[in-house]
Structure formats: C-alpha cells, structure tokens
Amino acid sequence: MSVTDQPPSPQPPAGDPREALHDRIAADSLTTRRDYLRIVATVSGGLAVGGLGVAGGILPRHGDPDDAKAPSPKRIADQLLPGESLAFHYPDEEDRAVAVRLDDGTLVGYSAICTHLACAVLWRKDRGTQGELYCPCHEGIFDARTGEVTAGPPPRALPKVVLTEQVDGSIWAVGTTRSGESIEHGLCRQLSEDRPDLASRIGCPAVKGGGAEAPSLGPETPGSRS
Amino acid sequence: MTDARQSRNQEPPERPAASRPPAVSEYPEPPEYHPGSARPELNRPVHERYPQIRATSGYGDPRIRHTGPGPGAGTDQEPERSSKLTARLVLAMTVVVGQLWGLTVVIDAWMEGRTGTAWWGAGFLCLSFLVVLGLWLIDPKDR
C-alpha cells in the first residue's frame, strides 16, 4: 500500500438517503446564544488567567534585574553635547535606553521602549519647543524633561534611567525607575537592600543612618543636571 | 456558378416529409405531471427535510405560546427562556468588557510598581470570571 492510498473511509449506509441527508443537515449547526455564552465564559477565564500572570510578573519591566540586585553603574559616554542624544543599553542588553542633553544643559535618560506597544522611542530635536521623545509607530510623544505622555496612545510615562555626570564630563547610568516613579524613590528601592550605604547617603527614609560609607558616584544629584 | 445559386434559380423543391409539422396524433404522450421532485426523499414536508428550520427559529415572538397546531402555536412554549438567555449573554458580555478594563488597570499597576494593586486587580478579574461562569452554568439542563 503506497503512502498516497487512503484507507477505506466508513461509508454511510447505502440505500438510505434519508439518513445521509439528515446527517448532513444536522452537521450544519448554527452558532446559538448558548454557544456565544460559552465563548464569552472562555474569554473571561482567559482574561482572569492573564491578570494573574501580569500580577505574578510575566511582563518584563525596564531595569528589573534577574538576580534581585541593584544595577551597577555603567559608563555610557565620554561626553554628551547639548542637543545630542545617545542610545545605549542599561542595565541589561535588552533594556534599550536613550540619553539626551537638552539645550539648556539638562541631562535626562529614559527607557527607549514605548509604553504603548514597545516600539523604539526616538529623540527628535526638531519637534516641539525643546525637542520631544517621539514614537513613530503610533505618533506617541513624551515630554523630554519628565517623560510624561503629552500626545498619542501610550498609557504610561517612560521609565527613567538615572544618569549622572562626572567631573571629567563622562556620563554614567546608575539606576532606573518605573513608569511614573520618582528618581529618589526608584534609587532608594534599588539601593536599600543591596547597597544601604549609598541609599543612606542619598537620604532614603528606610535606611537613614544605616550606612557610613560615602558613595563613589559623581558629586551631582543623580538623574538630571542643569 | 455554385450549386446554391443554381438551387435558388430553380423551383423550390418539395419539402421533405421530416420538416412538415406532424399531425397531432404523431406527438408522444407527455408524461403525467407531478409537483415536486422525481426523488421521493425531496418531496417530504419542509419540517421533515430540514428539522432545524422551524417556523420561529431565531426569533423570540412573544405571541407564540404553544406548540402547534392551534392558536398561539410556535416552537417555544416559554418565551421567557429566550429573554433570560439573552439577558444572561448581555450580562456576561458586560462583565467581560469590565474585565478588559480591569486588565489594563492591572498592567498599568504592575508596570508602575504597584504590585499590591495589581494583585487586587487580578482578584477582581477572577471574581468576574466566577460571575460569568455562574451565568453560564445556570442554564436549564433540559436541552
């Protein structure tokens, strides 16, 4: 028997066209309201499972480490001139970020992953009064100073990447925040367990006075510099 | 000169016997007329041929109160069943719309680091699922 030969399929009883006709008609089932109710119940169960998965951490967040340790500082550039931007990865390779030096010298850093559908966020100096962070996929626009959404469909602000500038002009990334989280809160959250000395130095409330060693970061307030 | 031209100039020949209209008695008798199909299985009543197609299938006609024949005849003896089924379906779909909104809240809360809010939202989604499950399971078991 070759592979193309089909096994004999069971035939309907010959000489009984009424039975065959009835079977054919019965096979053309309509989608009833009970079927829709079953489908809706299935969708509802899927949404419940999805909610449990999201709350359980199935969605990655920018800067969430795998080993629950604070991200180590990373030198990302020797210098950054006003009006320029720099794309980099921090703290991990999949965490795309962008650093921008505004015209007035302010240094800001954000996640370069749009909060809408994870497209790449670009620095557009020619847009707006002082430039904008722009997502070309669906015209999402973020404020360059705060990372808040100013236009378009993104539902949340961009997570920040805390940047600091050393005396020699080099730019360092020292931490991350989540959407809508302040730089102080984000740094304290990351440093309070892993590096309490540094957390106490920057004034985190939970570890005030807990550490004595001075941090080895730059002399300026992390996050932005005027 | 061709044969056709020659034939035009000549007298028209006598019509052959085959082209003459035959006498009435030469026609064969027409078959006896029967409405419907020659296949007997296609001549059954409509309800018998298509058992799923009924007089009011797909409609909730409140005037129909009894099965036929007779006054108020129809397929649904209890029109409230249809209304209740529609109401359950609408309620379930409304709950699912609320779940979609709740899922956006859960995602926003998780992304902003508010893990407790995310878990409360997940609990809301599970309770909503139980409500939909209940709406589905209170279906009468006689069908």
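As the structure is a prediction and not an experimental result, all values here were calculated from the model.

## Let's talk about the state of the cysteines
Residue and element names in this part refer to chain A.
Phase 1 of the analysis: Scanning all chains against the criterion turns up two disulfides over all chains.
Phase 2 of the analysis: Covalently, Cys-119 is tied to Cys-137 through a disulfide, its sulfur atoms 2.1 Å apart. When the S-S torsion is -100 degrees, as for the bridge of Cys-119 with Cys-137, the disulfide is left-handed. In this pair, Cys-119 is assigned in the loop between β4 (107–111) and β5 (122–124) and Cys-137 in the loop between β6 (132–135) and β7 (140–142), connecting sequence segments 18 residues apart.
Phase 3 of the analysis: In this structure Cys-119 comes out as buried when scored by relative accessible area, which is 17%.
Phase 4 of the analysis: With relative accessibility at 40%, the residue Cys-137 sits in the partly exposed group.
Phase 5 of the analysis: The residue that forms a disulfide with Cys-188 is Cys-204, at a sulfur-sulfur distance of 1.9 Å.

## Description of the confidence of the model for chain A
All names here are of chain A.
Phase 1 of the analysis: Taken over all residues, the pLDDT of chain A has a mean of 82, while the share at 70 or more is 81%.
Phase 2 of the analysis: Note on residues 1–6: pLDDT is under 50 here. Beyond four places in sequence and across chains, it has two contacts.
Phase 3 of the analysis: A low-confidence stretch, residues 208–226 (pLDDT under 50), is modelled with 44 contacts involving residues beyond four sequence positions or located in other chains.

## Observations regarding the interface of chain A and chain B
Phase 1 of the analysis: Each partner contributes residues to the interface: chain A has 33 residues there, and chain B has 39 residues.
Phase 2 of the analysis: Summed over both partners, the interface of chain A with chain B comes to about 3400 Å²; 70% of that surface belongs to carbon and sulfur atoms.
Phase 3 of the analysis: Taken as a group, A:Arg33, A:Arg34 and A:Leu37 account for 20% of the area that chain A buries against chain B, more than any other trio of residues on that side.
Phase 4 of the analysis: Residue B:Asp108 is joined to A:Arg156 by a salt bridge in which the shortest nitrogen-to-oxygen separation is 2.5 Å.
Phase 5 of the analysis: Where chain A packs against chain B, one counts seven residue pairs in polar contact (both at pLDDT 80 or more).
Phase 6 of the analysis: Secondary-structure elements contributing two or more residues to the side of chain A that touches chain B are α1 (17–27) and α2 (33–55) of chain A.
Phase 7 of the analysis: The biggest single contributor to the side of chain A that touches chain B is α2(A), with 17 residues.

Criteria and thresholds
Residues numbered from 1 in each chain as written. Chains lettered and ligands numbered in written order. Predicted model: local features only at pLDDT ≥ 70, side-chain atom pairs only at ≥ 80, totals over all residues. Heavy atoms only, no water. Disulfide = S-S within 2.5 Å. Helix = DSSP H or I, 4+ residues; strand = E, 2+ residues; numbered from the N terminus. Buried < 20%, exposed > 50% of the residue type's maximum accessible area, 1.4 Å probe, protein only. pLDDT = per-residue confidence, 0-100. Contact = heavy atoms within 4.5 Å. Buried area = accessible area lost by both parts, 1.4 Å probe. Salt bridge = Lys/Arg side-chain N within 4 Å of Asp/Glu carboxyl O. Polar contact = N/O pair within 3.5 Å; in protein donor to acceptor, adjacent residues only side chain to side chain.

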